Amino acid sequence: MIVIFFGPPGAGKGTQASRISEVLEVPQIATGDIFRGKSKENSQLGRKVKGFMEKGQLIPDEIVNEVVRERISKRDCKKGFILDGYPRTIDQAIYLDKALKDMGKEITAVIYLEVNEDEIVKRLSYRRTCNKCGAIYHLIFNPPRVSKVCDRCGGKLYQRKDDREEVIRERIGVYKEKTEPLLRFYHERGKLFKVNGNREIDDVAKEIMDILETVKKGDV
Ligand code: AP5
Ligand code: MG
Ligand code: ZN
């Protein structure tokens, strides 16, 4: 199974991808997480990606594509994988198709989490992330049991630098301009499944699992 989680910033891609990855027992590959890791490194690449991410702009396609190709060729991806936050441009989507074709694979489904803009800002302004395991919380909708501490690993929770209001607006703008056109790209290829992401986390997860079951059975 190769599943892509698609949607605007804050739609719940990471939240849902992490759950589905546990259920399907395939790795979750989140380009945002990968590059947040690299941005902490004191290397040329680290400094470069940090600049783009803090401003809410996309990292250039050739850098992202290369990292993804390398990651999906690893052994743990043999049974399948989940992409969270990739592809994000038409060029990335074309690159991915080609890379999968070379590997004799193809995309199973693209899950589009549709969420309205007011909800996005609310979600991102109160998001907290674990600095150790990357678990995602929300101070109101999905709070940790103990304030500022990760339920899963005891790590410290922090607020992402790109979750400031002005950067959130920039990210939404970039999404509309560069990423939204992919909806048509995948719709035309019969891969797109739209999910109303404005509902409770559990309800959204249930609908995604139902879709994936149906696709697996070959009913669509
Ligand atoms: P990335 O980390 O991918 O950020 P994003 O796409 O902006 O999405 P987010 O991670 O902010 O949101 P999400 O949809 O995962 O939502 P989450 O589950 O956390 O990318 C960051 C940067 O990296 C980019 O700006 C770019 O610079 C670079 N980058 C990454 N990939 C790239 C690529 N392919 N090409 C170029 N550059 C790239 O949920 C959000 C909040 O809402 C949480 O607090 C959560 O608890 C809460 N929540 C989730 N679901 C619900 C629900 N149903 N109800 C209530 N609250 C909910
Ligand atoms: Mg995310
Ligand atoms: Zn943690």
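Everything discussed here concerns the structure shown above.
Residues numbered from 1 in each chain as written. Chains lettered and ligands numbered in written order. Predicted model: local features only at pLDDT ≥ 70, side-chain atom pairs only at ≥ 80, totals over all residues. Heavy atoms only, no water.

Break down the site of ligand 1 for me, citing the residues and quoting the values.
Surveying the vicinity of ligand 1 reveals 34 residues, the closest of which are Thr 15, Gln 57, Arg 88, Arg 127 and Arg 171. Here an oxygen atom of ligand 1 sits 3.1 Å away from a polar atom, N or O, in the side chain of Arg 160. One of the backbone N or O atoms of Ile 201 is found 3.5 Å from a nitrogen atom in ligand 1. Across the complex, the protein chains shield 97% of the 1,000 Å² of accessible surface that ligand 1 would expose by itself. Secondary structure elements with two or more residues in the shell around ligand 1: α1 (13-24), α2 (31-39), α6 (117-125) and β6 (136-138). Considering only residue class, the shell around ligand 1 consists of 13 nonpolar, 11 polar and 10 charged. (Near = heavy atom within 4 Å. Polar contact = N/O pair within 3.5 Å; in protein donor to acceptor, adjacent residues only side chain to side chain. Areas by Shrake-Rupley, 256 points an atom, 1.4 Å probe, with all protein chains shown as cover. Helix = DSSP H or I, 4+ residues; strand = E, 2+ residues; numbered from the N terminus. Nonpolar A, V, L, I, M, F, W, Y, C, P; charged D, E, K, R; others polar.)

Before we move on, could you go through the coordination of the zinc ion (ligand 3) and cite the residues and values that matter?
With distances of 2.3 to 2.4 Å, the protein atoms coordinating the zinc ion (ligand 3) are Cys 130 (SG), Cys 133 (SG), Cys 150 (SG) and Cys 153 (SG). The sequence pattern describing where the donors of the zinc ion (ligand 3) fall on their chain is C-x2-C-x16-C-x2-C. Placement of Cys 133 in the loop between β5 (127-130) and β6 and of Cys 153 in the loop between β6 and β7 (157-158) is noted, with a sequence separation of 20 residues between them. We classify Cys 133 as partly exposed; its relative accessible area is 34%. Residue Cys 153 is classed as partly exposed on the basis of its relative accessible area of 30%. (Donors = N, O, S within 2.8 Å, 3.2 Å for Na, K, Ca; no water. Buried < 20%, exposed > 50% of the residue type's maximum accessible area, 1.4 Å probe, protein only.)

Before we move on, could you go through helix α3 (residues 44-55) and cite the residues and values that matter?
Residues three or four positions apart in an α-helix share a direction because the helix packs 3.6 residues into each turn. Under the 1.5 Å per step criterion, the end-to-end length of α3 is 18 Å for 12 residues, consistent within 8% with the ideal 16 Å. Where α3 is concerned, the buried positions are Gly 46, Val 49 and Met 53. Viewed along the axis of α3, the buried residues span an arc of 75°, placing them on a single side of the element. What points out from α3, more than 90 degrees from its buried face, is the exposed set Gln 44 and Arg 47. (Expected span 1.5 Å × (residues − 1). Arc of directions from axis to C-beta.)

Could you give an account of a nonpolar patch on the surface, with specific residues and numbers?
There is a patch of nonpolar side chains on the surface, built from Tyr 126, Leu 139, Ile 140 and Phe 141 and spanning about 390 Å² of accessible area. Its location among the elements puts Leu 139 in the loop between β6 and β7. (Patch = residues over 30% accessible without salt bridge, like charges linked within 9 Å, V, L, I, M, F, W, Y side chains within 5 Å. Salt bridge = Lys/Arg side-chain N within 4 Å of Asp/Glu carboxyl O.)

Run through the side chain of Arg 71, naming residues and quoting values.
Within the element layout of this structure, Arg 71 appears in helix α4 (residues 61-72). Separated by 2.8 Å, the side chains of Arg 71 and Asp 76 make a polar contact. Beyond its immediate chain neighbours, meaning those up to four positions away, Arg 71 contacts Pro 27, Ile 29, Asp 76 and Cys 77. (Contact = heavy atoms within 4.5 Å.)

Give me the lowdown on the packing of α1 against helix α9 (residues 201-217), citing residues and values where you can.
Where α1 contacts α9, the two axes come as close as 10 Å, and the packing angle between them is 50°. Taken together, α1 and α9 sit at an angle that is classed as oblique. Of the two elements, α1 crosses α9, and the hand of that crossing is right-handed. Across from Thr 15, Gln 16, Arg 19, Ile 20, Val 23 and Leu 24 in α1, the residues of α9 making contact are Ile 201, Asp 202, Val 204, Ala 205, Ile 208, Met 209 and Leu 212. Across the contact of α1 with α9, the residue classes break down as 9 nonpolar, 2 polar and 2 charged. (Axes fitted to C-alpha atoms, helices over the stretch in contact; angles between N-to-C directions. Parallel < 35°, antiparallel > 145°, perpendicular 65-115°, else oblique. Left-handed = near helix turned anticlockwise from the far one by under 90°.)

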